[in-house]
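# Inside the fold
What follows is the residue order along each chain.
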Amino acid sequence: MKRYDAIIVGGGHNGLACAAYLARAGRKVLVLERRERVGGAAMTEEVFPGFRFSVFSYVVSLLRPEIIRELELPRHGLHILPLESTLTPLPDGNYLAQWSDHDQNRRELARHSVRDAEAYDEFGLLLHRMARAIKPLLGVAPPDPGSLDPRELLDLWRLGRYFRGLPEKDLHALWKLLTMSAADYLDEWFEGEALKGTKSASGIIGTLLGPRSPGTAYVLLHHYMGELDGVFRAWGFARGGNGSVSAAIAAAAQAHGAEIRTQASVSKVLVNGSRATAVVLDGGDELRAPIIVSGADPRRTFLGLVGEERLPAEFASAIRRYRFRGSSAKVNLALAEPPRFTCMPEPGPHLRGAISISPSVDYLERAYDDAKYGEISRRPYMDIILPSMLDPTMAPPGKHVMSIFVQYAPYHLNGGWSDARREELGDTVVDTLTEYAPNLKGAILHRQVVTPADIERIVGLSEGNIFQGELTLQQMFFLRPAPAWARYRTPIHGLYQCGAGTHPGGGVMGAAGRNAAMEILGARA
Amino acid sequence: MLKTTPFHERTAALCVSHAWRRWAGYVVASSYELTHEREYHVIRTAAALFDVSPLYKYRVEGRDAAKLLDLVVTRNVQKAAVGQVLYTPWCDHAGKVIDDGTVARLDESTFRMTSAEPNLRWLQENAAGLDADISDVSDDIAALSLQGPAAGAILAALGAPALKYFRVAAAIIDGIAVTVSRTGYTGDLGYEIWAEARDAVRLWDAVMDAGRPYGIMPAGMLALDMARLEAGLILIDVDYVPARKALIESQLSSPYEIDLGWTVSLEKERFNGRDALAAEKARGPAWQFVGVEVEWNSLERLYSEVGLATRLPNATWRMSVPLYADGGQAGYATSGGWSPLLKRYIALAHLRSRWARPGTSLEMEMTVEHRRKRASARVVKKPFFDPPRKRA
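Residues numbered from 1 in each chain as written. Chains lettered and ligands numbered in written order. Predicted model: local features only at pLDDT ≥ 70, side-chain atom pairs only at ≥ 80, totals over all residues.

## Considerations on the overall build of chain A
What chain A contains, in helices and strands, is 18 helices and 21 strands. Relative to its length of 525 residues, chain A is compact, with a C-alpha radius of gyration of 22 Å against a globular reference of 24 Å. Reported as C-alpha extents along the three principal axes, the dimensions of chain A are approximately 65 × 55 × 45 Å. Looking at chain A residue by residue over its 525 residues, the buried ones come to 55%. (Helix = DSSP H or I, 4+ residues; strand = E, 2+ residues; numbered from the N terminus. Rg over C-alpha atoms; globule rule 2.2 N^0.38 Å. Buried ≥ 20, exposed ≤ 12 C-beta atoms within 10 Å, placed from the backbone.)

Below, the structure is given as structure tokens:
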């Protein structure tokens, strides 16, 4: 029987990244993926003939530049196309656009508020500095302030020294970002409702929180860390959809000798004493390795694959308390023609960027109010892109695919999710969007609706949370996923975690996978 | 799309070079003719007409208008007479320069401020509790700059009143209500004419018609850049990083560090950055902004060593060029070029104070035939060109 140094459970992009780094260091690695394809939530599928959808996650920005570099992802097929604008259509037929050209952007913002146009640059510069301040934390395993381990204390001392080195002004700003709500923070800067609505939307993605909930300002910063070619705040679309990100990482892993097996569902991690020894596949096959790395989220890893009875009680209860609360859904449309927005009816550069249905903070907060009490937002927030506008091969010539990220669609829906409720969500989304783009409804050739329950069922993300657990401060950094167990290790010897449920969290970032590999290899990240 | 200025109808027809550049979201001509040479010389021999409409312009009025501006800028605005124009920088609370521009006192309680960057929000924030009304009139006011020895005669022909250096007055030109200020960015005799945007094309025609007998020419930004270098005038984003755009501490500049210490009115009880500036004045600035001249013989030698005749830049360069003294880096030049008028290779530079005294020997980095060399240079007094007619 073939022997492996490490088995990775789950072929999501983090699992693949972890495998690639371990294989690159000469380890014999096997990746086991339950589905028929790798990628987890970063995958592309031809759902309707001729139309390719990034079914779940749909943009790239947080993918760590060092991973692109070290795994030579461009050589393995990764090509990221820039998303250069954000259009926020407004109910009155007006719009707010944010363009990548500085002059064009300033002029458009000034059309709504001259003050905002001026504040925008300063705000951008501050968040740039804050992103720089936080950035060193993303690439390293988070030290545990409660630990007496000298290595952790050394890291903590370095981190403390680093933060002391920040200018006082920046430290104050950072503290505000860590404690305030996105809406309150933005109120300090801007007056325009559409601008505040659109900016605050990045503060709520993937959480069951509203823009007025404290702590959401941090999530805003988290999304500001998107970095492409060293340029902060640049979002992109991977040619071929987000599945091509996973495919490139998988190709890199295989080039380094990693073995990837699909349709291989792991049902159990075998623990002998306090040491993980093997995984058991659905068919009953046992595969042994001294190191097992789980890319699954903390709940599935510990309460599912390992079993509570094998865990220290305190740890088990921390994992039980770790919050998921999926709140977002996807609607993917195949379109016979491009959407014609009332505010900008002709096809133009705005269709090559993001389109955001976020006319005001109130709009988002109301959307949250519905979800807070277990209902689908009657008027949801949406983040839309048209991948076929950037990469024509995503749809037949002249036709288009539209990717709609929808929030809120709470996992804990009153009465539970059903086929009827799924279609109700789809109708709500299409009806709302048709108010802004009247030709939309008539242009739909196929509609795919993915609820949080579907995300859980298909990809295995608990409660359909796209970040493997909410990105809220009580479960970030050294608390992710549980106090004292934030360094990719677990109370079970030989069992590691490498998913977004560990530091630094979700997004198609790959940092958790890389950090976990570094931890396993005993190398400094 | 970029904005076009109120003069675009005329400037576009004249711009045979099709060389445009951006300025504050507008397009303006880099040069009208195929090369900028004649446009440069006309500044020093007759009169050049520049479209300077992209400047940001604010109208500040009210009982506390002078008080507000006094709080914002470093110069003493309360002391300014009606009809006076002040050139001044303004600072953040740490005494670092945010921007520079002019403040014109149009009457007792009305001012016009010009700036390179938008400042509406900054003015509004400083106006809390004051009786001062601030309006952004950037798009409403068209501006022409008429620069050169014939500028005064042309304005007289247009019936505008004579003005002293850095004074402003209302005038009627061809039936158009304008204000005229004796200001400019060339270090020459010059005026700026401010009018309602809707009157712009008529104003352009009137000035061009009156100027034709005197040899007037429209001139673009390349010519202007050469003239302002000779005049030793600092340029934001090129010669200094404004505080709002600085990413790191070392990119910030105080007025003392960019040779604008003369504008800092420490006798004023309160203004943005006062305490920091008082402290800096007491200890002396770490950096100074000076003129540098490259020695011809040294330059010629570097070229003759590789068998070439000396090559000179034909336009002002804008980049950071290291300067050395006593075996180490003493600073960096940020603008430089050959002055066809002075026949000198000149540059504006930031130097650590100990090497900033006029006469100090330096070396400037030069790339000669793909190789980095050093040419001898020395610190010289600014402005490089300062004709008596500028103030006469």
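We are not done yet, so read on.
## Observations concerning the overall build of chain B
Along its length, chain B carries 9 helices and 20 strands. Among the 392 residues that make up chain B, the fraction classed as buried is 48%. In chain B, once contacts between residues fewer than 6 apart in sequence are set aside, the share between residues at least 24 apart is 67%. (Contact = placed C-beta atoms within 7 Å.)

## A closer look at the environment of isoleucine 404 of chain A
All names here are of chain A. Among the secondary structure elements, isoleucine 404 is positioned in strand S19 (residues 400-407). A sequence separation of 23 residues divides isoleucine 404 from tyrosine 381, and the C-alpha atoms of the two residues are 9.7 Å apart. Contacts of isoleucine 404, omitting those with residues within four sequence positions, involve Lys330, Val331, Leu333, Met382, Ile384 and Val429.

## Regarding the interface of chain B and chain A
Residue-level contacts link 13 residues of chain B with 12 residues of chain A. Sort the elements by how many residues they give to the side of chain B that touches chain A and helix H4 (residues 120-126) of chain B lands first, with 3 residues.

## Concerning the domain arrangement of chain B
A common way to state how big an interface is: give the accessible area lost once the parts meet. Here chain B is described as being made up of domain 1 (3-53 + 139-219), domain 2 (57-136) and domain 3 (243-253 + 286-380). Computed from C-alpha coordinates alone, the two centres of domain 1 of chain B and domain 3 of chain B are separated by 32 Å. (Domains from an automatic or database assignment.)

## Focus: the confidence of the model for chain B
Here chain B averages 97 in pLDDT, while 100% of its residues score no lower than 70. Interface confidence for the predicted complex, given as ipTM, is 0.85, next to a pTM of 0.90. (pLDDT = per-residue confidence, 0-100.)

## A word on the sheet that holds strand S20 (residues 444-450) of chain A
Residue and element names in this part refer to chain A. Pairing is mixed in the open sheet, where 7 strands are placed in the order S7-S6-S17-S18-S19-S16-S20. One side of each edge strand has no neighbouring strand; the edge strands of this open sheet are strand S7 (95-98) and S20. Each adjacent strand pair in this sheet contributes to an overall mean axis angle of 20°, direction not counted. Note that strand S17 (residues 354-357) and strand S18 (residues 381-385) share 3 bridges and pair antiparallel. By the bridge assignment for S18, isoleucine 357 is matched with methionine 382. (Pairing = 2+ DSSP bridges. Axes fitted to C-alpha atoms, helices over the stretch in contact; angles between N-to-C directions.)

## A short note on helix H3 (residues 65-72) of chain B
Across the 8 residues that make up H3 of chain B, a large majority, 7, are buried. Burial in H3 of chain B covers these residues: Ala65, Ala66, Leu68, Leu69, Asp70, Leu71 and Val72 of chain B.

## Notes on the sheet that holds strand S17 (residues 328-339) of chain B
All names here are of chain B. The 6 strands lie next to each other as S15-S18-S17-S16-S19-S20, forming a closed barrel whose pairing is antiparallel. Direction aside, the axes of adjacent strands within the sheet are offset by 40° on average. Note that strand S15 (residues 287-294) and strand S20 (residues 371-380) share 4 bridges and pair antiparallel. Note on S20: the bridge partner recorded for valine 292 is valine 379. Across the sheet, helix H7 (residues 221-230) touches S17 and strand S18 (344-352), and the angle it forms with S17 is around 125°. Across the sheet, helix H9 (residues 296-305) lies against S15, S18, strand S19 (361-368) and S20, angled at about 175° from S20, the strand it touches most.

## Overview of unusual backbone geometry
A negative phi angle characterises most non-glycine residues, just as the trans form characterises most peptide bonds. Residue proline 481 of chain A follows arginine 480 of chain A across a cis peptide bond; omega there is 0°. In this structure, proline 481 of chain A sits in the loop between helix H17 (452-459) and strand S21 (495-497). Here histidine 503 of chain A and proline 504 of chain A are connected by a cis peptide whose omega angle stands at 0°. The topology assignment puts proline 504 of chain A in the loop between S21 and helix H18 (511-521). Here histidine 18 of chain B, not a glycine, exhibits a phi torsion of approximately 55°, which is positive. Relative to the assigned elements, histidine 18 of chain B resides in the loop between helix H1 (8-14) and strand S2 (19-23).

## Some words on the packing of helix H8 (residues 193-201) of chain A against helix H13 (residues 361-372) of chain A
Residues and elements named next belong to chain A. At a minimum axis separation of 7 Å, H8 and H13 run at an interaxial angle of 45°. By the criterion of interaxial angle, the relationship of H8 to H13 is oblique. Contacts from Glu193, Lys196, Gly197, Ser200 and Ala201 of H8 reach H13 at Val361, Tyr363 and Leu364. Grouping the amino acids of the contact of H8 with H13 by side-chain chemistry returns 4 nonpolar, 2 polar and 2 charged. (Parallel < 35°, antiparallel > 145°, perpendicular 65-115°, else oblique. Nonpolar A, V, L, I, M, F, W, Y, C, P; charged D, E, K, R; others polar.)

## Comments concerning the pairing of strand S12 (residues 176-181) of chain B
All names here are of chain B. As defined by bridge partners, strand S11 (residues 168-173) adjoins S12 across 6 bridges and the pair is classed as antiparallel. Residue pairing across strands places isoleucine 173 opposite isoleucine 176, the latter belonging to S12. Once S11 ends, the chain turns through 2 residues before running back antiparallel as S12, passing aspartate 174 with a positive phi of about 50°. In this structure, S12 lies alongside strand S13 (residues 190-196), joined through 4 bridges in antiparallel fashion. Paired with valine 180 across the bridge in S13 is isoleucine 193.

## A word on the nonpolar core
With 164 residues, the main nonpolar core has Ala19, Ala20 and Ile249 of chain A as its most contacted residues. In this structure, alanine 19 of chain A is in contact with Ile8, Val29, Val31, Ala253 and Ala258 of chain A, ignoring residues within four places of it in sequence. Grouped together as the second largest cluster of nonpolar side chains are 111 residues, Ile98, Ile234, Trp355 and Phe384 of chain B included. (Core = buried A, V, L, I, M, F, W, Y, C linked by C-beta atoms within 7 Å.)

## A few points about the environment of proline 74 of chain A
All names here are of chain A. Relative to the elements of secondary structure, proline 74 occurs in the loop between helix H2 (65-70) and strand S5 (80-83). It is 23 Å that separates the C-alpha atoms of proline 74 and cysteine 498, two residues lying 424 residues apart in sequence. For proline 74, the residues in contact, after removing those within four places along its chain, are Ile68 and His79.

## Comments concerning the environment of glutamate 470 of chain A
Residues and elements named next belong to chain A. On the secondary structure map, glutamate 470 appears in the loop between H17 and S21. Glutamate 470 gets classed as buried once you count the C-beta atoms within 10 Å, which come to 26. Separated by 251 residues in sequence, glutamate 470 and valine 219 place their C-alpha atoms 10.0 Å apart. Every residue in contact with glutamate 470, bar those within four places of it in the chain, is listed here: Gly206, Thr207, Arg323, Phe324, Arg325, Asn465 and Gln475.

## Examining the pairing of strand S8 (residues 110-115) of chain B
Two faces, one strand: in a regular strand the side chains alternate between the faces of the sheet. Residue and element names in this part refer to chain B. By the criterion of burial, S8 is predominantly enclosed, with 5 of the 6 residues buried. Inspection of the sheet shows strand S5 (residues 56-61) paired to S8 by 6 bridges, in the antiparallel sense. Along S8, the bridge assignment pairs tyrosine 56 with serine 115. As paired elements, strand S7 (residues 97-107) and S8 share 6 bridges and run antiparallel to each other. If you follow aspartate 107 over to S8, its bridge partner there is threonine 110.

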